[in-house]
4 protein chains.
Amino acid sequence: MNKFFKNMPEVKYEGPKSTNPFAYKFYDADRIIDGKTMKEHLKFAMSWWHTLTATGTDQFGDSTIDRTYDEEDPMKVAKARVDAGFEFMKKMGIKYFCFHDVDISPEGNTFEETRNNLKEMVTYIKEKMTGTDIKLLWGTANCFGNPRYMHGAGTSCRADSFAYAAAQIKNAIDATIELGGTGYVFWGGREGYETLLNTRMDFELDNMARLMKMAVKYARSKGFKGDFYIEPKPKEPTKHQYDYDASTVLAFLRKYDLLGDFKLNIEANHATLAGHTFNHDLAVARINGVLGSVDANQGDHQLGWDTDQFPTDVKEATLAMLEIIKAGGFTNGGLNFDAKVRRPSFTYEDIIYGYISGMDTFALGLIKAYEIIEDGRIDEFVESRYSSYNEGIGKKIIEDNTSLEELEEYTLNNNDEGKLESGRQEYLENILNQILYR
Amino acid sequence: MNKFFKNMPEVKYEGPKSTNPFAYKFYDADRIIDGKTMKEHLKFAMSWWHTLTATGTDQFGDSTIDRTYDEEDPMKVAKARVDAGFEFMKKMGIKYFCFHDVDISPEGNTFEETRNNLKEMVTYIKEKMTGTDIKLLWGTANCFGNPRYMHGAGTSCRADSFAYAAAQIKNAIDATIELGGTGYVFWGGREGYETLLNTRMDFELDNMARLMKMAVKYARSKGFKGDFYIEPKPKEPTKHQYDYDASTVLAFLRKYDLLGDFKLNIEANHATLAGHTFNHDLAVARINGVLGSVDANQGDHQLGWDTDQFPTDVKEATLAMLEIIKAGGFTNGGLNFDAKVRRPSFTYEDIIYGYISGMDTFALGLIKAYEIIEDGRIDEFVESRYSSYNEGIGKKIIEDNTSLEELEEYTLNNNDEGKLESGRQEYLENILNQILYR
Amino acid sequence: MNKFFKNMPEVKYEGPKSTNPFAYKFYDADRIIDGKTMKEHLKFAMSWWHTLTATGTDQFGDSTIDRTYDEEDPMKVAKARVDAGFEFMKKMGIKYFCFHDVDISPEGNTFEETRNNLKEMVTYIKEKMTGTDIKLLWGTANCFGNPRYMHGAGTSCRADSFAYAAAQIKNAIDATIELGGTGYVFWGGREGYETLLNTRMDFELDNMARLMKMAVKYARSKGFKGDFYIEPKPKEPTKHQYDYDASTVLAFLRKYDLLGDFKLNIEANHATLAGHTFNHDLAVARINGVLGSVDANQGDHQLGWDTDQFPTDVKEATLAMLEIIKAGGFTNGGLNFDAKVRRPSFTYEDIIYGYISGMDTFALGLIKAYEIIEDGRIDEFVESRYSSYNEGIGKKIIEDNTSLEELEEYTLNNNDEGKLESGRQEYLENILNQILYR
Amino acid sequence: MNKFFKNMPEVKYEGPKSTNPFAYKFYDADRIIDGKTMKEHLKFAMSWWHTLTATGTDQFGDSTIDRTYDEEDPMKVAKARVDAGFEFMKKMGIKYFCFHDVDISPEGNTFEETRNNLKEMVTYIKEKMTGTDIKLLWGTANCFGNPRYMHGAGTSCRADSFAYAAAQIKNAIDATIELGGTGYVFWGGREGYETLLNTRMDFELDNMARLMKMAVKYARSKGFKGDFYIEPKPKEPTKHQYDYDASTVLAFLRKYDLLGDFKLNIEANHATLAGHTFNHDLAVARINGVLGSVDANQGDHQLGWDTDQFPTDVKEATLAMLEIIKAGGFTNGGLNFDAKVRRPSFTYEDIIYGYISGMDTFALGLIKAYEIIEDGRIDEFVESRYSSYNEGIGKKIIEDNTSLEELEEYTLNNNDEGKLESGRQEYLENILNQILYR
């Protein structure tokens, strides 16, 4: 179709009957649902890495996509990416983006050079943002790709790698603040172990907490008011990663007293790699008050690695949006598409199709989640299901006003036969499918 | 060979060359290792359920094993099981056992009858223990088998089921105390959900904590000095179980301030179902000070359910024993064989073979773990691996005496090229295999 | 609601807006699609076992459902089940059923008694069928539940078990013929191994083929014109089952020259346990001309065993129906619901909800599959994608009219740069979702 | 230690007590077992790709290993690799190697250039082989890495890609013949699909068979007497690969009548990714007469991708060697280490440790497999287990001399109670462990 995204058509809502492949069928940005526009509810963000820098390589194959945008000099390439990215976001109607330091700025030969490159690129991006309504959702530092992090960054056995990570994170925090980001993410791709034979897990976890505390201290001293996030992932690239899943991260945050500053960035494909559904990990985050932001993507149930596909599963998106709504919606967070087109989908059009896929899927998820709430049948069932705790012995239980002795006495005098009620899973699933497909 | 275990041979240590299938090849109970006998190190326990009551059914097949011991009346069957169990333990040289209330005592038509049955059986077992050196390792209540627990026990949506569980647990605690048990276990087979559509996860977890607090309060008031354990398992029978793995349980114990009374009972096959190695979950428990007891068994890497096989993997047992040794060995806990013979291994001899398998495997594990420690090469490598934290910037990091700013400054002045060292996984694995097979 | 199914309401189509939980929202039996009614396309069948005999037990819990229908004598229970089953099918508008011998008839103390029971029950069922349009889809023999099959049936190491299975199969074939069944199924739940240490795989597979050949010979001699099916499953209850998946069964059928009489009965949850999507295994069967019948159900992506849930995934059902339509639709086969309600869904109403779930899901699958075909965009893309084989070197390749030498020569003279086209997965997925949700 | 492998020590057998990390503890090349030396039994091969060209990248990290051997020009690098490889094989005492075309020779700007490069490199390698006893085990063509194969090679939707693959394979076959290789491998990393939505599976499989037939025809016309191998793998990089596992490939070879020329190259980690044990897939190959060659490596049971680790599991190696011995040992095939050091094991020493690990593990496997055979207890048990087929009705069954009718008659007159015998899995596992650890 075109060179980069420059000549691409604007993608607009045309409704479910349109056969224009470059139109939204379900995402109608300004449609109001429960008092907010769809775009306010969903806060879609572009991921810089998959969208602007990834080249389609995999472990068995060379790159299929050229991402140099006709430039050769690294800084010129980086700036061309900014131009392309803003073109893309404008055409798609996407209002947020997320980045790693190395996505937006080339590494130099020394740390100083790297730092200067980053500063220059931040200035360039900031100018680009001026006069637009495009915002930074969150920033992060890539402390996993460089060989110096082969043994981890905050959990490295090598103090110099820890120090380098700290320096990198300082600058990434500066960049995040400079660009007005409302979040800063820790994803620990190398924070874990390849084998326990060479690993001191306690030592490494203590250090990881130390690094995070220093980061909080620094950022707050610079006036950062946003959230810090940990993004759980159980494995890949490392055999075992410490931030396994939402619950594991909660154990860590509680142990090291980090709950005041940290929330979670939940990624769908990471949850499934950890043996959970996406909405399970969202629910765990929600009930513990740490549902911060979401990396929206999708795995493949037959594959054991992070496929980072664009979301297409509307039922999953609906259940996810239900959790997000129950949590009060996004404040500092949003829905970042940590998703990439398949390697054989190597054209610029495919990236557009991918984003349309993800945005239409979550638009349907939002619509359907509110329909479920309005329908009320599921909530009504759940309300009734727990009603035995509203009075009598149930009330005493939840008021912490009983004991094993009293409950034994109660049981001795109680005939519990015949009072069980069905869990009605099939009934509830029928309601869900009716709402999804009616 | 025999009727029950009565006429079976005593199983004794005959060494690695013996071809007597009813002899230990590696478990030499009184051999002293590092100042303690093997039996003191290992504290092997018989699981009442798999050994004395299970009948070999599976989801697709009828029972292959008769466990009525020529009796018909439920209480007579229960007493015959006690007789058989003590015969078995004596012949095998096993000094501990573990039980659920319903393993040792039949359920009656009313709770009162059930309670009385349990008391009678406890008296019978206590008499049987007199004059022997056989002890109760831990007791527990089965709050998952009866239909009343279809929606959970402590997490049930139905207050009467919660109350019934509380009453059952009270009596199981009484039984545990009466029999001198040093531990009480919570395994939450139904404490979880089948579908989030009908579930209030926060409500249910709050209630689970309430039940545990009441249990602690009651047991302590009765003088119980032992440990409470939670046994993590991620799923099966329930789709998702709240006690997913060691880290998840730690998050729970910290949230509800239960760390003072609770430790973990780690089961090998449960760890692997949760996506971990056995020694990973042991290590997580150890570094958090909650490695209490162990359910020794083994899963099948190709199967997605709890196969509860007798341990045969000596490398895994060695790595497990290394963690247990590092944790200081067992105090109140021990190695319970939560393991069963395969369904087509339906004879009494097979149970003996199974226990020999497990005991010889862990005996080797103990021997090899100490050989690794004495060999010293692995520890030496690890010591050296982290040595950059012994001085300079590394020392400042672990003394909480630096900041992002200082670390940036350090990095600016530091040339980190060329100083990376290999993780040496292959070298370490070679040492491990050499020790295992030399 | 009622005692058994007797007083249950008739379940009828009321359309997608109905809030009557006992109505079909999408299955409109007599609606014509592409010249055939929905009920002719779908050929829904009731599974006798899950619907009429299963009691809700699992490996950790007792039965939650009473299936004795107020009777005690086994033959009276069996007849009450027939009555209940026909009530159920009539009320639901289901026109087919499937059974194992032991589902419809109790085992006696001797083989002769068992055989006589079966004959009596077949007579009873046949009378019941008279005057209805309810038909037998297929029959089978349960050669896995009884302890005699602990080592397999056709693959048993014990000749008497092989002989018993043969005798059982003979009678199950007789019953199938007597009741007008158009298919006979082999599901080899114990045809496999627990450990290769005690197994002769070649010997066992040879014997399995022998048993099948005898079965074909016998049935054809009795005038059976229907299809034989093998139902693949990779594991559970046995560690490894020989009929792993569709491709494995094809290797077997080809090796033993059984392709003339055998097709496959593909089950969704078995395909996923083998690492495939449901439609993958259907496609494998289709392109090899052996797509015979379908066991419609659904697994749980987080669980490693056969959960046999009622289908709710409309996308999966749509892709399945596309394969079935491409295969020319069902002839002797149909859609059997090898599905059960969850254990906590223990009421009769829940069974109805379960069947509504499965039937509405596949009704949507049928509707959407035809919409995809009519829409034409996906087929058009695929047609074009392979068009390079319509002429030139491509044509020579598919006409077996070239060689490595010629293809090298061609390549030497060909510049293949720039001519690659995207696979357009995201574009095609968007079309699919548009059709599913518009 | 050294620059490349030039100054590395020769690795020799020093026995199980040696603490020299650069010595074999168990692999004693000239030790005779059952009339053949260990090196003749095992036929270890070096994989060119992992050993000489791979740089330690993964999907989240840059290369950790420099493989340019101080050269810049691609042909000079390639030659330096040959030098390094032969140094390595000599020092390790490895007598075979395996390669892809692109491992040994850089791709040029045109196919002609690529072809010329390959010819030049083959000449260079051939000279290097002169006067050594180092041989080529097998060759293959990399038809998966280049973007032109993004949709497959033999199964590509694009005829030009098929043609290119054919041309590449022709030259790889020429190279294999020129270097005296006894095998030619097809591994279909892209022969499969990313989505069935855009795929004609039947068309693609027909084409794959066409390509193989052309390859056989060509190679035979050039005098190639070796074996063709298909190497099964279920997935990765492609979502589904057609050569899923040994059984799937057998179905394919039978369908397209390729059994005369093709055998299997079984890889451990590919078998486990397909849900099997390594020795299962070896057994399937063996009983079908197609056990050709082996890619010896090891996966990680917690990871869902091909980790290609060096073998360390002695039990697995023992069971594998038992299958290989039962198949009559290797003829044209051997044990190729398709294995790589972990990314943080980035030094040349680590590669040596890795090979020592694999070679010692398989040496132990060979020794232990023969000990099992000599011990005889397992074989004796299995012999006895199937003995009911040696006479009576069992004999009639395996002589194809009975029928369902006769077997029913037999069963009616037979009382099968009480004659079942245990499968004795635990007993057999104890023998296995005794032999492994005595």
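Scoring rules and cut-offs
Residues numbered from 1 in each chain as written. Chains lettered and ligands numbered in written order. Predicted model: local features only at pLDDT ≥ 70, side-chain atom pairs only at ≥ 80, totals over all residues. Heavy atoms only, no water. Least-squares fit on C-alpha atoms with pLDDT ≥ 70 in both. Contact = heavy atoms within 4.5 Å. Salt bridge = Lys/Arg side-chain N within 4 Å of Asp/Glu carboxyl O. Helix = DSSP H or I, 4+ residues; strand = E, 2+ residues; numbered from the N terminus. Buried < 20%, exposed > 50% of the residue type's maximum accessible area, 1.4 Å probe, protein only. Pairing = 2+ DSSP bridges. Right-handed = clockwise from strand over helix to strand, strands pointing away. Buried area = accessible area lost by both parts, 1.4 Å probe. Polar contact = N/O pair within 3.5 Å; in protein donor to acceptor, adjacent residues only side chain to side chain. Nonpolar A, V, L, I, M, F, W, Y, C, P; charged D, E, K, R; others polar. Expected span 1.5 Å × (residues − 1). Axes fitted to C-alpha atoms, helices over the stretch in contact; angles between N-to-C directions. Parallel < 35°, antiparallel > 145°, perpendicular 65-115°, else oblique. Left-handed = near helix turned anticlockwise from the far one by under 90°.

Trainee: Looking at this structure, how should I read the relation of the copies chain C and chain B?
Mentor: Each of the two chain copies can be brought onto the other by rotation about an axis and movement along it. With an RMSD of 0.0 Å, the operation that places chain C on chain B is a rotation of 180° combined with a shift of 0.0 Å along the axis. Here the two chains are linked by the operation of a two-fold rotation axis. The C-alpha atom lying nearest the rotation axis in chain C is that of C:G304; the distance is 1.9 Å. An overlap of 100% is found between the interface residues of chain C and their copies at the interface of chain B, pointing to a shared contact surface.

Trainee: Where do I start with the relation of the copies chain C and chain D in this structure?
Mentor: You can overlay chain C on chain D at an RMSD of 0.0 Å; the transform is a turn of 180° with a shift of 0.0 Å along its axis. An overlap of 100% is found between the interface residues of chain C and their copies at the interface of chain D, pointing to a shared contact surface.

Trainee: How do you make sense of the pattern of salt bridges when you look at a structure like this?
Mentor: A pair can form between side chains of opposite charge whenever their charged atoms are brought close. Scanning the model with the defined rule gives 99 salt bridges over all chains in all. For the salt bridge of A:D400 with B:R210, the shortest nitrogen-to-oxygen distance reads 2.9 Å. Of this pair, A:D400 sits in the loop between helix 14 (392-398) and helix 15 (404-412) while B:R210 is found in helix 7 (residues 201-221), placing the two residues in two different chains. With relative accessibility at 17%, the residue B:R210 sits in the buried group. Ionic pairing is found between C:E399 and C:K395, a salt bridge with its closest N-O pair at 3.5 Å. A relative accessible area of 46% means that C:E399 is categorised as partly exposed.

Trainee: Would you take a moment to explain the side chain of A:S18 for this structure?
Mentor: By the secondary structure assignment, A:S18 is in the loop between strand 1 (12-13) and strand 2 (23-24). Non-local contacts of A:S18, meaning those with residues more than four positions away in its chain, are made with A:A23, A:K25 and C:Q434.

Trainee: Where do I start with the pairing of strand 7 (residues 135-140) of chain D in this structure?
Mentor: If a strand is regular, its side chains alternate between the two faces of the sheet. All names here are of chain D. A large share of strand 7 lies buried, amounting to five of its six residues. As paired elements, strand 6 (residues 96-100) and strand 7 share five bridges and run parallel to each other. In the sheet register, F97 faces strand 7, and the bridge partner there is L136. Here strand 7 pairs with strand 8 (residues 183-186) via two bridges, running parallel. In the sheet register, T140 faces strand 8, and the bridge partner there is V185. The parallel pair strand 7 and strand 8 is bridged by helix 6 (residues 159-178), and the resulting crossover is right-handed.

Trainee: Any chance you could explain the interface of chain C and chain B here in plain terms?
Mentor: Counting residues at the interface gives 32 residues for chain C, matched by 32 residues for chain B. Summed over both partners, the interface of chain C with chain B comes to about 2,900 Å²; 58% of that surface belongs to carbon and sulfur atoms. For chain C, the biggest contributors to the area lost against chain B are C:Q59, C:F60 and C:M150; these three give 24% of the whole. Linking chain C with chain B are four salt bridges, by the criterion used here. At the surface where chain C touches chain B, the tally comes to 14 residue pairs in polar contact (both at pLDDT 80 or more).

Trainee: Could you clarify how one ought to interpret the interface of chain C and chain D in this entry?
Mentor: By a frequent convention, interface size equals the accessible area lost on bringing the separate parts together. Taken together, the 95 residues of chain C in the interface contact 96 residues of chain D. Of the roughly 8,300 Å² buried between chain C and chain D, counting both surfaces, carbon and sulfur atoms make up 61%. Considering only the side of chain C, the residues that lose the most area to chain D are C:L197, C:Y386 and C:L404, jointly responsible for 10% of the buried surface there. Here chain C and chain D share ten salt bridges between them. Residue composition of the side of chain C that touches chain D, grouped by class: 45 nonpolar, 25 polar and 25 charged.

Trainee: Can you help me understand the environment of B:E371 in this one?
Mentor: Residues and elements named next belong to chain B. Relative to the assigned elements, E371 resides in helix 12 (residues 348-375). Considered as a pair, E371 and G154 are 217 residues apart in the sequence and their alpha carbons are 44 Å apart. The residues touching E371, leaving out its near neighbours within four places in the chain, are I435 and R438.

Trainee: Help me understand helix 3 (residues 74-92) of chain A in this model?
Mentor: Because an α-helix completes one turn every 3.6 residues, residues spaced three or four positions apart along the sequence face the same direction. If you check helix 3 of chain A, its first and last C-alpha atoms are 26 Å apart, about what 19 residues at 1.5 Å a residue would give, namely 27 Å. If you check the start of helix 3 of chain A, you find a side-chain oxygen 3.1 Å away from the backbone N of A:M75, and it comes from A:D73.

Trainee: What should I look at first to understand the side chain of C:R190 in this one?
Mentor: Looking at the element boundaries, C:R190 is found in the loop between strand 8 (183-186) and strand 9 (192-193). By relative accessible area, C:R190 is classed as buried at 4%. Within the structure, C:R190 has its side chain in polar contact with the side chain of B:D58 (distance 2.8 Å). Within the structure, the side chain of C:R190 is placed 3.4 Å from the backbone oxygen of B:F60, a separation counted as a polar contact. Apart from residues no more than four positions distant in its own chain, C:R190 is found in contact with B:D58, B:F60, B:G61, B:R343, C:C143, C:F144, C:Y149, C:H151, C:G152, C:T155, C:P237 and C:T238.

Trainee: Just to check I follow, could you spell out the sheet that holds strand 13 (residues 291-295) of chain C for this structure?
Mentor: Picture the strands of a sheet paired through backbone hydrogen bonds; they go either parallel or antiparallel. All names here are of chain C. Read once around its circumference, the closed barrel built from eight strands follows the order 5-6-7-8-10-12-13-14, with strand pairing classed as parallel. Shown here is a sheet whose adjacent strand axes are inclined to one another by a mean of 30°, direction ignored. Strands strand 12 (262-267) and strand 13 of the sheet are contacted by helix 10 (residues 278-287), whose axis makes an angle of about 170° with strand 12. Where helix 12 (residues 348-375) meets the sheet, its contacts fall on strand 5 (44-47) and strand 14 (335-337), and the angle it forms with strand 5 comes to roughly 155°.

Trainee: Could you clarify how one ought to interpret the packing of helix 11 (residues 314-326) of chain A against helix 12 (residues 348-375) of chain A in this entry?
Mentor: How two helices sit against one another is set out by the angle between their axes and by the gap between those axes. All names here are of chain A. The geometry of helix 11 relative to helix 12 is characterised by a closest axis approach of 7 Å and an angle of 60° between their N-to-C directions. By the angle between their axes, helix 11 is oblique relative to helix 12. Note that helix 11 runs across helix 12; the crossing there is right-handed. In contact with V314, A317, T318, A320, M321, L322 and I325 of helix 11, helix 12 contributes T361, F362, L364, G365, L366, K368, A369, Y370, I372 and I373. Of the residues that constitute the contact of helix 11 with helix 12, the class distribution is 13 nonpolar, three polar and one charged.

Trainee: Could you clarify how one ought to interpret the sheet that holds strand 13 (residues 291-295) of chain A in this entry?
Mentor: Residue and element names in this part refer to chain A. Taking strand neighbours around the barrel as the criterion, the eight strands line up as 5-6-7-8-10-12-13-14 in a closed arrangement whose pairing is parallel. When strand polarity is set aside, the average angle formed by the axes of neighbouring strands in this sheet is 30°. The pairing of strand 10 (residues 227-230) with strand 12 (residues 262-267) spans three bridges and is classified as parallel. When the sheet's bridge partners are listed, Y229 is paired in strand 12 with K263. Strands strand 6 (96-100), strand 7 (135-140), strand 8 (183-186) and strand 10 of the sheet are contacted by helix 6 (residues 159-178), whose axis makes an angle of about 155° with strand 8. Along the sheet, helix 12 makes contact with strand 5 (44-47) and strand 14 (335-337), crossing strand 5 at roughly 155°.

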